[in-house]
Amino acid sequence: MQEKSLFRKKSIADVMAQARNGQLEGETHSLTKALTVRDLTAFGVAAIVGAGIFSTIGQAAADGGPAVSLLFIFTGLACAFSALCYAEFASIAPVSGSAYTYSYIAFGELIAWIIGWDLLLEYGIGNVVVAMSWSDYFTGFFNEIGISHGVHIPAYLTTDYRSAYQGFHQVKDSLQHGVSMLKLPAPLQNSYAAWNDAPRLAGLPFIANLPAIAITIFITWLVYIGIKDSKNANNVMVVIKLAVILLVIAVGAFYINTDNWTPFMPNKLAGVMKGAAAVFFAYIGFDAISTTAEECKDPKRDLPKGIIYSLVICTILYVAVSFVLTGMTSYKNLGVGDPLAEIFKLNHIKWMHFVVSVSAIIAMSSVLLVFQVGQPRIFMAMSRDGLLPQKFATLHPKFRTPSFSTIITGLIVIVPTFFMKEDELTNLTSIGTLFAFLLVCGGILVIKKQPADGEKRFKVPYVSGRYIVPALFLVTVGIIAGFFPKVLPDFFQFKDPSEDSIMLIFIILSLLLTIVTMIKKLSLIPVLGLISCGYIMTGLGATNWIRFILWMVVGLGVYFLYGRKKSKLNEVR
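Reading guide: rules and limits
In this numbering scheme, every chain counts its residues from 1 along its sequence in written order. For this predicted model, a pLDDT threshold of at least 70 governs which residues receive local features, and a threshold of 80 or more governs which side-chain atom pairs are given and counted, while totals over whole chains, interfaces and linings are taken from all residues. Derived side-chain values reflect all non-hydrogen atoms in the structure, with water molecules and hydrogen atoms excluded from consideration. Only DSSP runs of H or I covering at least 4 residues are called helices, and only runs of E covering at least 2 are called strands; the numbering of each starts at the N terminus. When a residue's accessible area, from a 1.4 Å probe over protein chains only, is under 20% of the maximum for its type it is buried; when over 50% it is exposed; and in between it is partly exposed. In what follows, a contact means two residues having at least one pair of non-hydrogen atoms within 4.5 Å. Accessible surface is estimated by sampling points in the Shrake-Rupley manner with a 1.4 Å probe; for residues, cover comes only from the protein chains shown. Remark: nonpolar core denotes a set of buried residues (Ala, Val, Leu, Ile, Met, Phe, Trp, Tyr, Cys) joined through side-chain atoms within 4.5 Å. A side-chain nitrogen of Lys or Arg and a carboxyl oxygen of Asp or Glu constitute a salt bridge if their distance falls within 4 Å. A fitted line through C-alpha atoms represents every axis, and for helices the fit uses only the stretch in contact; the resulting angles, taken between N-to-C directions, go from 0 to 180 degrees. Roughly parallel covers angles under 35 degrees, roughly antiparallel covers those over 145, roughly perpendicular covers 65 to 115, and oblique covers all other angles. Crossings are classed by handedness, with left-handed meaning an anticlockwise turn of the near helix from the far one by less than a right angle and right-handed meaning a clockwise turn. Gly falls in the polar group here, along with every residue not listed as nonpolar (Ala, Val, Leu, Ile, Met, Phe, Trp, Tyr, Cys, Pro) or charged (Asp, Glu, Lys, Arg). An expected span of 1.5 Å times one less than the residue number is assigned to each helix. Side-chain atoms alone can form a polar contact between residues adjacent in sequence; in general such a contact is a pair of N or O atoms within 3.5 Å, and within protein one must be able to donate a hydrogen while the other accepts it.

Asker: Help me understand the overall build of the chain in this model?
Answerer: Secondary structure summary: the chain contains 22 helices and 2 strands in total. Looking at the chain residue by residue over its 573 residues, the buried ones come to 58%. Across the chain, the fraction of contacts at a sequence separation of at least 24, relative to all contacts at a separation of at least 6, is 85%. Counting every atom, the chain has about 24,000 Å² of accessible surface; 67% of that belongs to carbon and sulfur.

The structure is reproduced here in structure tokens:
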């Protein structure tokens, strides 16, 4: 008979057998087992330390002031709860599917498809943001070096079509109202120049973010030719950028003025939480480690260690850098795209400005590399299950990598660079990743009900949340009620009333989860992961929720038109 349920599940034994043997015709080559704990930790650090610490941290600090360090700690804890859940799943099901496979085991096929489609936002769309950030740093560095020789990259080769079009008309409108070009923000001037100076093809301007496209092609090629080459290149880049960040902390410490830390929270809690999406974006990537499970020498032992080690290292670095940033200059000066370079420029330390600019290019290259490694392996896992065409699971006979999926992943990053804006993609990537974290945390609560396989594996430490979670909920409510109207506006301070509704929904769901935790004695760590990630999601804005829901609707359409019928679990048994 055929299994018709939308929530048909795969057992851990089936998942492991499928990974060992390959269920698709033509999948005759196995992935190369080459990764150790050191390599996995380096992959995690490579994914986490990138655009966040070199770019988005600046605006977060400008909004939240020195208190942004608290946001890094809170977000680090939220990620830690999720990381522990990822570590347990990685230990019991060390295969390439990451959260997709974990959801298949815990919740069934429909939820697995939803999370697999959702992971496109984290790895594929997230890499568009990284590629654009890399382009910004590279263009600035190249133009700064080349300006003395009369060489620079034209604006129409460093931006997207839509930004150029909108910027041109916005500047044109400003000029008509008597505003001087010199008084306009540099990004607007750049967009105007891009549209105005671009060569025309059949009457249309030729505009493309050439550096972003070039680095994506190079990284995709590196991932295509093998995991060994990828890990060696990644390890070198990680060593360089860690050395530079430690140098930033060491040198910057001598230029800290403690007066800059006052006021500590200038824009209150609302200002700090305004940077939640940017700070969370800085942490995205540690889960990409789990996609390399089939290329680990000892995945059950090494995957949990790599996930946890990388998160701890990066949280410490982030908090230290945030204190240096806000100590070296006023938080008001940090709302720029290259904050680490800016603080040394403001303090007239030219050699460090140069070092930071170069290291940022290297850092974001490594982030791009790790995400380009992760996405093809998600495609491969979905293809093995029949939810995507068989071609996505094809392994290259020589390089033993998911070759077709790797090429498709490269195209997924390249195409949006022609028309998508960076700021629109950052929040969308964050909401997609947080959704994956929620399902992994929830999955641990479900998977506990399954029989153990008797093998030694990592487990999330069990602490009953029966009394702790209600206590935390009551304390939070008490703080809000006790300081109304002083504190409450910090939680409900949005431009759009619909965002108040999102927060209200979160509070109601948190209350329901608290009640269930009391009744079922749920494990504390996964529950705290659900609540903390859910809270961060409330700050991502109604517009991003709408985009996320539309993305999910499209994904469901693909599933019902193709995946459900082609699923391996839909075959006659």
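Asker: How should I be thinking about the nonpolar core in this particular structure?
Answerer: Counting 157 residues, the largest nonpolar core has Phe 54, Phe 72, Tyr 86, Tyr 100, Phe 286 and Phe 344 as the members making the most contacts within it. Non-local contacts of Phe 72, meaning those with residues more than four positions away in its chain, are made with Ile 57, Val 279, Ala 282, Tyr 283, Thr 315, Tyr 318, Val 319 and Ser 322. Grouped together as the second largest cluster of nonpolar side chains are 14 residues, Ile 153, Leu 157, Val 171 and Trp 195 included.

Asker: Even after reading the chapter, I still don't get the pattern of salt bridges, so can you show me in this structure?
Answerer: Close approach of charged atoms allows side chains of opposite charge to pair. Scanning the entire structure with this criterion turns up 4 salt bridges. The partner of Asp 39 in a salt bridge is Arg 38, and the shortest N-O contact between them spans 4.0 Å. Take Asp 39: its relative accessible area is 1%, and that puts it in the buried class. Where Arg 301 meets Asp 298, a salt bridge forms, and the shortest distance between an N and an O atom there is 3.7 Å.

Asker: Where do I start with the packing of helix 2 (residues 37–48) against helix 10 (residues 227–253) in this structure?
Answerer: Packed helix pairs are specified by the crossing angle of their axes together with the interaxial distance, meaning the distance between the axes. The N-to-C vectors of helix 2 and helix 10 enclose an angle of 60°; their axes lie 9 Å apart at closest approach. One finds that helix 2 runs oblique with respect to helix 10. Helix 10 is crossed by helix 2, and the crossing has left-handed handedness. Two secondary-structure elements touch here, helix 2 through Asp 39, Ala 42, Phe 43, Val 45 and Ala 46 and helix 10 through Ile 227, Lys 231, Asn 234, Asn 235, Val 238, Lys 241 and Leu 242. Partitioning the contact of helix 2 with helix 10 into residue classes produces 7 nonpolar, 2 polar and 3 charged.

Asker: What am I meant to see in helix 7 (residues 161–176) here?
Answerer: For helix 7, spanning 16 residues, the distance from its first C-alpha to its last is 23 Å, which sits close to the expected 22 Å at 1.5 Å a residue. Along its buried surface, helix 7 packs onto helix 8 (186–197). Where helix 7 begins, the capping side chain belongs to Asp 160, and its oxygen is found 3.2 Å from the backbone nitrogen of Arg 162. Phi turns positive, to about 85°, at Gly 178, one or two residues after helix 7.

The values reported here are purely geometric and, on their own, carry no functional implication.
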